[in-house]
Amino acid sequence: MAASKHVYVLPDQTVYRGGKIYDRFGNLEYFADTSGLSDEAASGGTDLVSEVKAHTRLPYMNSKSSISIPKHDRNVMTGVRQSKGALPGVVFTLKTALEKRDFTTTASSSAVYGWLKTTAKIDVTMYWDGTPYDPITAASEAAG
């Protein structure tokens with residue numbers, strides 16, 4: 001099951017391309033401050049009204065005559081289906097002395113790393129495609 005508890009939207013980080021961070025189990029808040037990111041999964045669906053044009057159709061299969069259907073509106077809710085396939089993007093891992101969690105993102109590795117450097121709550125190491133990046137110190141320690 002590929003449903004995610006949170007789908008955070010990471011904005012572009014200076015010149016680095018942002019994207020979405022898929023957090024399947026709600027673990028990203030342990031590693032970093034996510035209050036600056038919008039959460040698409042929490043927003044729910046979007047109501048949409050689409051217009052259906054007037055048309056003709058057969059009342060049943062192999063009918064000799066057709067019936068007219070008048071123009072009408074159709075109410076639709078979008079954005080509520082869950083993907084049954086894999087999540088888009090690449091997997092990255094955040095590891096501390098006690099925890100190790102995987103996340104999926106469509107953002108660039110530089111954007112995720114830059115965002116973590118400014119929002120990390122604890123000391124963490126990011127792994128991208130199995131390769132460790134320089135350890136990131138907690139943002140409160142780095143500032144003080």
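Residues numbered from 1 in each chain as written. Predicted model: local features only at pLDDT ≥ 70, side-chain atom pairs only at ≥ 80, totals over all residues. Heavy atoms only, no water.

## Topic: the packing of aromatic side chains
Counting across every chain of the model gives 5 aromatic pairs. Where Phe92 meets Trp128, the ring centres are 5.8 Å apart and the plane angle is 15°; that geometry is what we call stacked. One end of the pair, Phe92, is in strand E8 (residues 90-95); the other, Trp128, is in strand E10 (residues 125-128), and 36 residues separate them in sequence. Given the relative accessible area of 1%, Phe92 is considered buried. A centroid spacing of 5.6 Å and a plane angle of 40° characterise the contact between Tyr113 and Tyr133, whose relative ring orientation is tilted. Remark: Tyr133 occurs in the loop between strand E11 (131-132) and helix H3 (139-143) and Tyr113 occurs in helix H2 (residues 109-119); sequence separation between them is 20 residues. With relative accessibility at 27%, the residue Tyr133 sits in the partly exposed group. (Phe/Tyr/Trp six-rings, centres within 6.5 Å; stacked < 30°, edge-to-face > 60°. Helix = DSSP H or I, 4+ residues; strand = E, 2+ residues; numbered from the N terminus. Buried < 20%, exposed > 50% of the residue type's maximum accessible area, 1.4 Å probe, protein only.)

## A word on unusual backbone geometry
With a phi close to 65°, Asn62 is a non-glycine residue in the positive phi region. The topology assignment puts Asn62 in the loop between strand E5 (55-57) and strand E6 (67-69).

## Notes on the environment of Ala54
Structurally, the position occupied by Ala54 is in the loop between strand E4 (46-52) and E5. With sequence-adjacent residues up to four places away left out, Ala54 is seen in contact with Ile69, Pro70 and Lys71. (Contact = heavy atoms within 4.5 Å.)

## Some remarks on the pairing of strand E1 (residues 6-10)
Of all the 5 residues making up E1, 4 are buried; the element is thus mostly covered by neighbouring parts of the structure. Bridge count for E1 against strand E2 (residues 19-23) is 5 bridges, and the pairing is antiparallel. Looking at E2, one finds that Val9 is bridged to Lys20. In this sheet, strand E3 (residues 38-39) lies alongside E1 in antiparallel orientation, the contact comprising 2 bridges. Directly across from Val9, in E3, lies its bridge partner Ser38. (Pairing = 2+ DSSP bridges.)

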